Amino acid sequence: MHRTEQRCPISDTFFFAKKLIYKDYYLWHGFCYMNSKNDTIMKTNKLIALAVTLATTLNLLAETTTHVRPITLDEAITLARVQSVNAAVALNELKTAYWEYRTFKADLLPEVNFSATLPSYAKSYNSYQQSDGSYTFVRNNYLQMSGEISIDQNIWFTGGTLSLNSALDFMKQLDGSIYERYMSVPVALTLNQPIFGTNTFKWNRRIEPVRYAEAKANFLSETEEVTLTTINYFFNLLLAKENVGIAKQNLENAEKLYEVAKAKRRMGQISENDVLQLKLNVLNAQSSLTNYESALKSNMFQLRSFLALGEDEELEPILPEGIPSMLVNYQDALDKALANNSFAHNIRRRQLEADYEVAKAKGNLRQINLFAQVGFTGTDQTFEGAYHPLKDNQIVEVGVKIPILDWGKRRGKVKVAQSNREVVQSRLRQETMDFNQNLFILVEQFNNQRAQLEIANEADEIAQQRYKTNVETFMIGRISTLDLNDAQVSKDEARQKHISELFYYWYYYYQLRSLTLWDFEKNTNIDADFEKIIKQ
């Protein structure tokens, strides 16, 4: 009798599946077994235990890769001023302005120059006019060298250049009658002076110091602007964190109230509509929590990126507690802004540049240049003989270029420059009025913000207490779900309003600092050691 192999009939088996979830990885186990197959069950249990252990280990490793970093507003501002890209850009702009100013100052100092031709060799035909007036070509083959050292000084009050020169030339004929010749200029004083032209040095002495002062003030203002950006990102993260906390608390309360409502519905104490409303509140709370958690991650990434921090740091913003108690006088703030802010230097520089363009256009109406040189010179076949005896060396040249007929071109350029200056003056007047008006509005907003913050703080406390009272009242059936929802919305809005008003207080405060470059807490100028900063 043959023994047939017993197979697993579908009626005697069932399908067993176990799903283990860790993030986006899923492990499925499915098998068919008989009740008598104990060894198969044991193997399956071992696989499940191994998967659970692996998932737990990976979860622990993921938690250890990040760490929570509590951060205050002052700490965030300090980090931003040192590590942010905006701070680095402001520093490089300051360095550029510094070296431009150093270049301008160097133009007013004596300059030592050396120029030379070492050597110049020529072997070619050159045209030569004979005594009868005809031309012929002669062959030259010579070596020439020359050198000159000079001390040059720009004269800022006249716009000319004064030089002290010493030069030596050497020539050696290589064909025909071979000979050597030296020519020396042991000392010569040279003046190159434009007459009736534009004195560029004089105008630069007026413009460049203002430009550099503007750059320094702009660096300080840009540093305060970095602070404003930090405040914006910091409070965005803080508000996102508070919203997540509010959403979690609302979800927890909604779930509890929903459970209570189901029990009261079974007892017939509330309607089905109220139960459905509370269930809808649970779903809305879950949706809000998801949205707020996404916003929290986005705002944390922005602040972390701005502060140049690593992605392994989870920032925990701390709500600022104390605020400085002060009132700012508008006239006092305006005086400090006009004295310290880069805007005042910018106005002055643009006015000077417009005046310079007019002066330059007028200077181009005619061109007269004076060149004069006095000194000594000598020449001989020997090096020593070229310096003894010496003879006088005087050169005077006056170059003139005066337009006889240019169809009003130069006069037209003067009119264009004058018209542009009037446009600049009109714009500067309007910008000054706008600056003063914006500063006035900012001072008023800052002075009123403390009262707004106190109101928001008190409203937050009242709304929190009202919501707690309404929850208790709802539990005993005294109010409807609509009243409870209204209390919850008011509570959330009051908390968000409190944080928003705190943000505006600090934003207005640092914006005032940026415009006036004045520390109102310490009652002193905001300044820096620019030489030390640039050399870092």
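Let me sum up the structure you'll find in this document. (Residues numbered from 1 in each chain as written. Predicted model: local features only at pLDDT ≥ 70, side-chain atom pairs only at ≥ 80, totals over all residues. Heavy atoms only, no water.)

### Examining the overall build of the protein chain
Right, on to step 1. In terms of regular secondary structure, the protein chain is built from ten helices and twelve strands.
Right, on to step 2. Expressed as a percentage of the 536 residues in the protein chain, the buried residues total 35%.
Right, on to step 3. For the protein chain, the share of sequence-separated contacts (at least 6 apart) that also reach a separation of at least 24 residues comes to 73%.
Right, on to step 4. Counting every atom, the protein chain has about 33,400 Å² of accessible surface; 53% of that belongs to carbon and sulfur. (Helix = DSSP H or I, 4+ residues; strand = E, 2+ residues; numbered from the N terminus. Buried < 20%, exposed > 50% of the residue type's maximum accessible area, 1.4 Å probe, protein only. Contact = heavy atoms within 4.5 Å. Areas by Shrake-Rupley, 256 points an atom, 1.4 Å probe, with all protein chains shown as cover.)

### Observations regarding the packing of aromatic side chains
Right, on to step 1. Throughout the structure, instances matching the rule amount to 24 aromatic pairs.
Right, on to step 2. Between the aromatic rings of phenylalanine 446 and tyrosine 509, the centroid separation amounts to 6.1 Å while the plane-to-plane angle is 35°, which identifies the pairing as tilted. With phenylalanine 446 in helix H8 (residues 409-475) and tyrosine 509 in helix H9 (residues 481-516), this pair connects stretches of sequence that are 63 residues apart. The burial state of phenylalanine 446 is the same as that of tyrosine 509; both residues are buried.
Right, on to step 3. Judged by its relative accessible area of 0%, tyrosine 509 falls in the buried class.
Right, on to step 4. Members of the aromatic cluster, connected to one another through ring pairs, are Phe234, Phe235, Phe503, Tyr504, Tyr507 and Tyr508.
Right, on to step 5. Here lysine 336 stacks its cationic end above the ring of tryptophan 518, 4.4 Å away from the centre of that ring. (Phe/Tyr/Trp six-rings, centres within 6.5 Å; stacked < 30°, edge-to-face > 60°. Lys NZ or Arg CZ within 6 Å of the ring centre and 35° of its normal.)

### Looking at unusual backbone geometry
Right, on to step 1. Of note, the amide linkage connecting leucine 118 to proline 119 takes the cis form, showing an omega dihedral of -15°.
Right, on to step 2. Along the chain, proline 119 turns up in strand S4 (residues 111-129).
Right, on to step 3. Cis rather than trans, the peptide bond between histidine 388 and proline 389 has omega equal to -5°.
Right, on to step 4. Locating proline 389 in the fold gives a position in the loop between strand S9 (367-380) and strand S10 (391-401).
Right, on to step 5. The backbone phi angle of leucine 517 is positive, close to 50°, even though this residue is not glycine.
Right, on to step 6. One can find leucine 517 in the loop between H9 and strand S11 (518-519).
Right, on to step 7. Note on leucine 517: relative accessible area 2%, which makes it buried.
Right, on to step 8. Residues other than glycine seldom take positive phi values, yet asparagine 523 does so here, at roughly 55°.
Right, on to step 9. For asparagine 523, the position within the fold is in the loop between S11 and strand S12 (524-525).

### Focus: the sheet that holds strand S5 (residues 135-155)
Right, on to step 1. If you walk across this open sheet you meet the six strands as S4-S5-S6-S7-S9-S10, and the pairing is antiparallel. The sheet is open, and its two edges are formed by S4 and S10, each paired on a single side. Between one strand and the next, the sheet's axes are offset by a mean angle of 20°, whatever the strand orientation.
Right, on to step 2. Relative to strand S7 (residues 179-195), strand S6 (residues 160-173) is paired through twelve bridges, and the arrangement is antiparallel. Bridge pairing in S7 links asparagine 165 to alanine 188. (Pairing = 2+ DSSP bridges. Axes fitted to C-alpha atoms, helices over the stretch in contact; angles between N-to-C directions.)

### Looking at the pattern of salt bridges
Right, on to step 1. Taken as a whole and assessed by the stated rule, the structure comprises 24 salt bridges.
Right, on to step 2. Note that glutamate 272 is salt-bridged to arginine 265, the shortest N-O span being 3.3 Å.
Right, on to step 3. Residue aspartate 355 pairs with arginine 421 through a salt bridge whose shortest N-O separation is 3.3 Å. In this pair, aspartate 355 sits in helix H7 (residues 342-363) while arginine 421 sits in helix H8, placing the two residues 66 residues apart along the sequence.
Right, on to step 4. Residue classification places aspartate 355 among the buried residues on the basis of a relative accessible area of 19%.
Right, on to step 5. Residues joined in a network through salt bridges with shared partners are Glu208, Arg211, Glu214, Arg349 and Glu353. (Salt bridge = Lys/Arg side-chain N within 4 Å of Asp/Glu carboxyl O.)

### Considering empty space enclosed by the protein
Right, on to step 1. Throughout the structure, instances matching the rule amount to one cavity of 30 Å³ or more.
Right, on to step 2. For the largest cavity, the calculated volume is near 60 Å³.
Right, on to step 3. Together, Asn253, Ala254, Leu257, Leu278, Asn281, Tyr467, Leu484, Asn485 and Gln488 line the largest cavity.
Right, on to step 4. Sorting the residues of the lining of the largest cavity by element identifies helix H4 (200-266), helix H5 (272-306) and H9 as the ones contributing at least two each.
Right, on to step 5. Along the lines of polarity and charge, the residues of the lining of the largest cavity split into five nonpolar, four polar and no charged. (1 Å grid on protein atoms, 1.4 Å probe; cavity = no way out; pocket = protein on both sides within 12 Å on 5 of 7 lines; lining within 4 Å. Points joined across faces, edges and corners; volume = space filled by probe spheres on them. Nonpolar A, V, L, I, M, F, W, Y, C, P; charged D, E, K, R; others polar.)

### Focus: the side chain of arginine 349
Right, on to step 1. By the secondary structure assignment, arginine 349 is in helix H7.
Right, on to step 2. Of the polar contacts made by the side chain of arginine 349, one reaches the side chain of glutamate 214; its length is 2.6 Å.
Right, on to step 3. In contact with arginine 349, other than residues within four places in its own chain, are Ile207, Val210, Arg211 and Glu214. (Polar contact = N/O pair within 3.5 Å; in protein donor to acceptor, adjacent residues only side chain to side chain.)

### What about the layout of surface pockets?
Right, on to step 1. A volume near 410 Å³ is recorded for the largest pocket.
Right, on to step 2. Residue lining of the largest pocket: 18 residues in total, with Arg81, Val82, Phe219, Thr223 and Ile533 positioned closest to the centre.
Right, on to step 3. Of all the elements in the fold, those that place two or more residues in the lining of the largest pocket are helix H2 (73-83), helix H3 (85-107) and H4.
Right, on to step 4. When residues of the lining of the largest pocket are assigned to their parent elements, the largest contribution, six residues, is made by H4.
Right, on to step 5. By residue class, the composition of the lining of the largest pocket is eleven nonpolar, three polar and four charged.
Right, on to step 6. By volume, the second largest pocket is sized at about 290 Å³.
Right, on to step 7. Around the second largest pocket, the lining is made up of 15 residues, and of these Asn250, Ala285, Ser288, Gln488 and Asp492 lie nearest the centre.
Right, on to step 8. Its residues assigned to classes, the lining of the second largest pocket shows six nonpolar, eight polar and one charged.

### Concerning the nonpolar core
Right, on to step 1. Of all hydrophobic cores here, the largest spans 65 residues; its most connected members are Phe234, Phe235, Leu307, Phe446, Trp506 and Leu512.
Right, on to step 2. The set of elements that each furnish at least two residues to this core consists of H2, H4, H5, helix H6 (330-340), H7, H8 and H9.
Right, on to step 3. The leading source of residues in this core is H4, at 15 residues.
Right, on to step 4. Setting aside its immediate chain neighbours within four residues, tryptophan 506 contacts Leu73, Ile231, Phe235, Pro320, Gly322, Ile323 and Pro324. (Core = buried A, V, L, I, M, F, W, Y, C linked by side-chain atoms within 4.5 Å.)

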